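Close look at the chain arrangement
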Amino acid sequence: SGMDPVPPFPELAEESGEDAAGPSWEAARGKAMLPSAAPVAVTALAGAAVTGGSVGAEATEGTQDEADEDAEDPDPSGERTGRTREGRHGPAFGTAVHRAIAVILPARGRGTAPDEVARACAAIEGEGARADEVAADATRALAALDRAGLLAPGNALRTEYPLARPDGKGLLVTGYADLLVRTADALWLVDFKTDAPPAPGEDVARAFPHYAEQMRLYRGLVEGAFPGIAVRAALLFTADGSLRPLG
């Protein structure tokens, strides 16, 4: 054809035959597949910050099998599966309320009966005896969101929204936002809490320092994922339907 042959890559000049892309290739592949940051849950970081502890990670260590497992795991830090929702009646009650809200919100306007959904969620979590309370908490949460204008037509809602961002120090901070709402002028980050609410006028961050730190970290993840958009964070206490903004 008149074209000069493509010169060989110097890195492979001394390798030939079946082993041309053998040991050196495998070594490079293995190194490239190792995680550059170790996943850690927002809840773990918040707990360490409040108690004065620490969360450590060796971001560049590990095996190829571990890297493959992490790539296939949708919740590598355990943020979703390991997160407990203590609440005023224990973790199962809190999980039932969260589950009910997460099912009801996307189905609004489709003929879904919120009370029936809440009672079904209570039964799934073994909280059938408190089904009425689960339904009442979910109803108060929905009413609070409506009063705040977050359920207005045109707003975009996402429940259990996954978030992740490297911290630049070897950790991949991960979490799940209970609710994200995109309004015309801001992005609202709302976390549902089934705890006994703080008294009117009480400083929420002082009453619940762990939750306040969680929300600070979640807010950082949201701001990193959606730069240029104002982010507003709030705790919604389902026991009384109070939406408490955090600075």
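This text gives an overview of the structure that appears in the document.

Rules and cut-offs
Residues numbered from 1 in each chain as written. Predicted model: local features only at pLDDT ≥ 70, side-chain atom pairs only at ≥ 80, totals over all residues. Heavy atoms only, no water. Helix = DSSP H or I, 4+ residues; strand = E, 2+ residues; numbered from the N terminus. Buried < 20%, exposed > 50% of the residue type's maximum accessible area, 1.4 Å probe, protein only. Areas by Shrake-Rupley, 256 points an atom, 1.4 Å probe, with all protein chains shown as cover. Lys, Arg positive; Asp, Glu negative; His and termini not counted. Salt bridge = Lys/Arg side-chain N within 4 Å of Asp/Glu carboxyl O. Polar contact = N/O pair within 3.5 Å; in protein donor to acceptor, adjacent residues only side chain to side chain. Core = buried A, V, L, I, M, F, W, Y, C linked by side-chain atoms within 4.5 Å. Contact = heavy atoms within 4.5 Å.

As a further point, take the overall build of the protein. Helices and strands together make up the secondary structure of the protein, namely nine helices and six strands. Every one of the 247 residues in the protein was classed for burial, and the buried ones make up 37%. When the accessible surface of the protein is totalled, it reaches about 13,800 Å², and 54% of it is carbon and sulfur.

Once that is clear, we can look at the side chain of Asp195. Within the element layout of this structure, Asp195 appears in the loop between β4 (187-193) and α8 (204-207). Buried charge Asp195 goes without a salt bridge, the closest partner of opposite sign being Lys193 at 5.9 Å. At 2.9 Å, the side chain of Asp195 forms a polar contact with the side chain of Tyr211.

What follows deals with unusual backbone geometry. Even without being a glycine, Glu160 presents a positive backbone phi close to 50°. Looking at the secondary structure, you find Glu160 in strand β2 (residues 156-166).

If you look at the biggest cluster of nonpolar residues, it comprises 30 residues, and the most contacted ones within it are Leu105, Leu145, Leu179, Val190 and Phe192. Contributions of two or more residues to this core are made by α5 (91-104), α6 (114-124), α7 (131-147), β3 (171-182), β4 and β5 (231-237). At eight residues, the largest contribution of residues to this core is made by α7. Excluding residues within four positions of it along the chain, Phe192 makes contact with His98, Ile101, Ala141, Leu145, Asp178, Leu179, Leu236 and Thr238.

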